[in-house]
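Here is how the chains run, residue by residue.
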Amino acid sequence: MSLVNLHQVHKYYGDNHVLKGIDLDIQAGEVVSIIGKSGSGKSTLLRCINGLEEYQQGGITLDGKEVTTEDIQVRCLALSVGMIFQNFNLFPHMTVGENIMLAPTIVLKKSKAEAAAVAKAMLEKVGLAEKFDSYPEKLSGGQQQRVAIARALAMSPKVLLCDEITSALDPELVGEVLKVLEQLAQEGMTLILVTHEMNFARDVGNRVVFMHQGKVWEEGDSKQLLSSPQTDELKQFIGAVL
Amino acid sequence: MIQFSNYDIISNLLFATQWTILLSLAAFVGGTSVALALTAARLTRNSLVQKCVHLYVELFQGTPLLMQMFLCFFGLSMLGYEISAWSAAILSLTLFTSAFLVEIWRGCIDTLPKGQWEASRCLGLSFLQTLRFIILPQAIRVALAPTVGFSVQVVKGTALASIIGFVELTKVGTMLNNATFEPFKVFALVALIYFALCYPLSLYSKHLEKKFHVSR
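Conventions we followed
Residues numbered from 1 in each chain as written. Chains lettered and ligands numbered in written order. Predicted model: local features only at pLDDT ≥ 70, side-chain atom pairs only at ≥ 80, totals over all residues. Heavy atoms only, no water. pLDDT = per-residue confidence, 0-100. Helix = DSSP H or I, 4+ residues; strand = E, 2+ residues; numbered from the N terminus. Pairing = 2+ DSSP bridges. Axes fitted to C-alpha atoms, helices over the stretch in contact; angles between N-to-C directions. Buried < 20%, exposed > 50% of the residue type's maximum accessible area, 1.4 Å probe, protein only. Expected span 1.5 Å × (residues − 1). Contact = heavy atoms within 4.5 Å.

Once that is clear, we can look at the confidence of the model for chain A. Overall, the prediction assigns chain A a mean pLDDT of 91, with 100% of residues at 70 or greater. Mean pLDDT across the elements of chain A bottoms out in helix α2 (residues 71-78) of chain A (71) and peaks in helix α3 (residues 96-106) of chain A (96).

So, in structure tokens, the structure goes:
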């Protein structure tokens, strides 16, 4: 059974038809990159998958369960879907450790000691064990994003959604974040990324989904799709970003 | 006619200042409590509740405090509710203060990035948990300086209570002026006392603003 399934998903912002019948099927362990011009609906698609945005037609299932924007549903979803944002969205009034421990203690009802152990393990994983007591503002963008990844991982999600997570970073900091993602991919984590990092999509990703005008325009094996695009739109897009 | 020495004038004014302070405190505490309740109501995202809060804010921000006091004092007695000048003053100042604080606090909550709500939601926190652990701790820091700053308006607003006969600083000033015919001296002293009450609050507000601006 697929982990994430989208069936004919339509999304409107008022009169604006943003997603025009998206079909997508993602298996556990897959690394799927969603690429496309801005305004093509990539981020909206991602935000529909974890219930941050409503969709008007069609269906999305996650691990067999239907996705809606009902508060209770979203909270259940949070247990299996982690989300990383472009702007990190760390909680600035909490230390790195507290950021990571918050959801495990409140939502999963773990003890402080248990949550701290998890937080330390996750920080170790992203290479920031020594930053446990720092405040986010003291960290570089790349470090903040790695903390955000650790925070999501602490809830042991089945799938991680990444919304242009390197777009707000200085170029020299992009590598450290991608390295963490690559390591997660190797460990078998399911990743769905909206990204402009074509090299990453090709080398680490299994599959690329090219979105254009609210539709899945072309999709397929990442190496094949990026080296021999079929449609003019994708050819143009690849030409523009590479 | 009784003679008033400068000492008499000052000691009478200082005595009356206690009532001004007490009225300010009562209005501020009352206003804060009502504003808290209204802010919570507004955050529920129920559109009917939000409209009611909006109407409340517009009503009390858009009419003079003096009219609100008259309505509380004279209006309620006409309706058969005996109300003292003290209660009417507290009631109207509470309504007035809360209407402004709700707006100030809404602004503070709105300045927090939407991503804070989203990140919290994605981690599985409920609406109330998000408010308690993510939004309020940050909003309070932002709100502290403007709230203390607004308390200056509350202190000055208490002067209007003199018109419905509540004996506080301004009222005693008027009475002393009637007895001494030295308006310049008496009202300068009254103004000076108000300034002495308000200026430290302004300074404290500025201090808070700096303090929290740096840490963010």
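Now for the sheet that holds strand β3 (residues 31-35) of chain A. Residue and element names in this part refer to chain A. Taken together, six strands build an open sheet; the order of strands is β6-β7-β8-β3-β9-β10 and the sheet is mixed. Edge strands, defined here as strands with exactly one partner in the open sheet, are β6 (81-84) and β10 (215-221). When the angles between neighbouring strand axes are averaged without regard to direction, this sheet yields 15°. By the bridge criterion, four bridges tie β6 to strand β7 (residues 159-163) in an arrangement that is parallel. Paired with I84 across the bridge in β7 is C162.

As a further point, take helix α1 (residues 42-49) of chain A. Residues and elements named next belong to chain A. The buried fraction of α1 amounts to seven of the eight residues, a majority that puts the element mostly inside the structure. If you check which residues of α1 are buried, you get K42, T44, L45, L46, R47, C48 and I49. Downstream of α1 by a residue or two, G51 has a phi angle that is positive, lying close to 80°.

A few words now on the pairing of strand β2 (residues 16-26) of chain A. Residue and element names in this part refer to chain A. With eight bridges joining them, strand β1 (residues 4-13) and β2 adopt antiparallel strand pairing. The residue bridging Y12 from the neighbouring strand is H17, located in β2. The hairpin turn running from β1 into β2, its antiparallel successor, is two residues long, and G14 in that turn takes a positive phi close to 60°.

What follows covers helix α5 (residues 141-153) of chain A. An ideal rise of 1.5 Å per residue puts 18 Å on 13 residues; α5(A) measures up with 18 Å between its terminal C-alpha atoms. Here α5(A) lies mainly inside the structure; twelve of its 13 residues are buried. Among the residues of α5(A), those classed as buried are A:G142, A:Q143, A:Q144, A:Q145, A:R146, A:V147, A:A148, A:I149, A:A150, A:R151, A:A152 and A:L153. Considering only its buried residues, α5(A) is in contact with β6, α3, α4 (112-125), β7 and α6 (171-186) of chain A together with α5 (114-122) of chain B.

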